[in-house]
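# Chains, contacts and geometry: an overview
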Amino acid sequence: MIQVTQTYLPDQEKYINYLNEIWKSGWITNNGPLVLRLEDELKDYLSLKNFNFCNNGTIALQIALKALNITKEVITTPFSYVATTNAIIWENCKPVFVDINDNDFNIDTKLIESHITENTEAILATHVFGNPCDVQKIEAIATKHNLKVIYDAAHAFGVKYLDKSLLSYGDITTCSFHATKIFHTVEGGAIICKSDAVNEKVYLMRQFGHIGDQYFIAGINGKSSEMHAAMGLCVLEDMDKIFKLRKHVIKYYNDHLNLSKLKIPFPLPGTINNDAYYPVVFENEEILLQVMASLKENDIVPRRYFYPSLNNLPFLNEHFDCPVSESISKRILCLPLSTYLKNDELEIIINVTNQNL
Ligand SMILES: *Cc1c(COP(=O)(O)O)cnc(C)c1O
């Protein structure tokens, strides 16, 4: 069976060597040497000043909201993974959904200001499929209205925008290093802060809010382990290979899919994307369901990613109109994309898809 993604597993020997190091030191968690090494290497790799490795991308979002003292309304996108919305609700804040634009499926900056109220404290937007939100417009709006900006960059590892790491924008950017993401540590995430003061707070929050016997704030447990860091170190070493293999798949899709009948996102100029996903939007939901059924007959499982539009989650108290997000959500499918896909498998996916268009 071919799934939408297949986790990249590095050379097992290499991982075992790290395990041997861990067994020798006896240090398996609480900011051990491998966690520190991974943080240093990622900081270098991504050209970032501050970097907090943590245990997943959802706790990263929760810590981000908490560290910035967000307690009321948060303007957010309806087109993301459910964790983006859940983090807001979990922190007892109110998600205010602003529709997305048709080109890159990111929050429509033209609609943000009309949703700002006296209770709005932050904008939490997702760089969906690794394509940047309009970070400059968002920054201008945030400055004008004195709002904090958080980016959910779970899809955006390694993306560059205007010659800078996309992860360097916003007051805080969070990442996910879950096994399904392009760079992974089995489970994991990161919290990247623009200001050193916020970074210090995040550092404390991630480890219960204390250093030794000194207690500063009510923190949580956002720490990761040496075993997770070891996986990260192994995968990071292979990133060039991972990007190259995925580029091959993307090119194959681009060259052979009937793109005159499919819509694919169109990123802002100045974007160097990371080839993390291959989303296609069909003309209508009926075609999508047909394509899914035909792929399933061939043992291929793509994913309706993202569906439903998050403004329609059944546990929300308030209705928000997001017609663009609802329409895209019903018609979008992420085709399988991994470092392990073979050309003959790609042929099947492409033929089945084209035949149904
Ligand atoms: C994967 C993902 C998350 C959650 O990350 P975890 O590490 O699985 O907790 C959050 N937001 C988006 C957009 C994601 O794709």
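You'll find the structure just up there.
I will try to describe carefully the structure that is included in this document. Every value quoted in this text rests on a predicted model; they were computed, and no experiment measured them.

## Regarding the site of the ligand
- The full set close to the ligand counts 16 residues, and Gly-57, Thr-58, Asp-152, Ser-176 and Lys-181 are the nearest of them.
- Between the ligand and Asp-152 there is a distance of 2.7 Å, counted from a nitrogen atom to a side-chain nitrogen or oxygen.
- Ser-176 is positioned such that a nitrogen or oxygen atom in its side chain is 2.7 Å from an oxygen atom of the ligand.
- Starting from 380 Å² of accessible surface for the ligand in isolation, the protein chains cover 92%.

## Remarks on the side chain of Thr-173
- By the element assignment, Thr-173 lies in strand E9 (residues 172–176).
- By relative accessible area, Thr-173 is classed as buried at 0%.
- For Thr-173, the contacting residues outside a window of four places in its chain are Tyr-151, Ala-153, Leu-167, Ala-190, Ile-191 and Ile-192.

## Some remarks on the sheet that holds strand E6 (residues 148–152)
- In spatial order, the strands read E2-E10-E9-E6-E5-E3-E4; together these 7 strands make up an open sheet with mixed pairing. Of all strands in the sheet, those bounded by a partner on one side alone are strand E2 (52–54) and strand E4 (94–97). Mean inter-strand twist for the sheet, computed between neighbouring axes without regard to direction, equals 25°.
- Here strand E3 (residues 73–76) runs beside strand E5 (residues 120–126); their pairing, made up of 4 bridges, is parallel. When the sheet's bridge partners are listed, Ile-75 is paired in E5 with Ile-123.

## Remarks on the sheet that holds strand E8 (residues 164–165)
- Spatially, E8-E7-E13 is the arrangement adopted by the 3 strands of the open sheet, whose pairing is antiparallel. Either end of the sheet is taken by a strand with one partner, and the two such strands are E8 and strand E13 (271–272).
- Bridge count for strand E7 (residues 160–161) against E8 is 2 bridges, and the pairing is antiparallel. Along E8, the bridge assignment pairs Lys-160 with Ser-165.

Conventions adopted
- Residues numbered from 1 in each chain as written.
- Predicted model: local features only at pLDDT ≥ 70, side-chain atom pairs only at ≥ 80, totals over all residues.
- Heavy atoms only, no water.
- Near = heavy atom within 4 Å.
- Polar contact = N/O pair within 3.5 Å; in protein donor to acceptor, adjacent residues only side chain to side chain.
- Areas by Shrake-Rupley, 256 points an atom, 1.4 Å probe, with all protein chains shown as cover.
- Helix = DSSP H or I, 4+ residues; strand = E, 2+ residues; numbered from the N terminus.
- Buried < 20%, exposed > 50% of the residue type's maximum accessible area, 1.4 Å probe, protein only.
- Contact = heavy atoms within 4.5 Å.
- Pairing = 2+ DSSP bridges.
- Axes fitted to C-alpha atoms, helices over the stretch in contact; angles between N-to-C directions.

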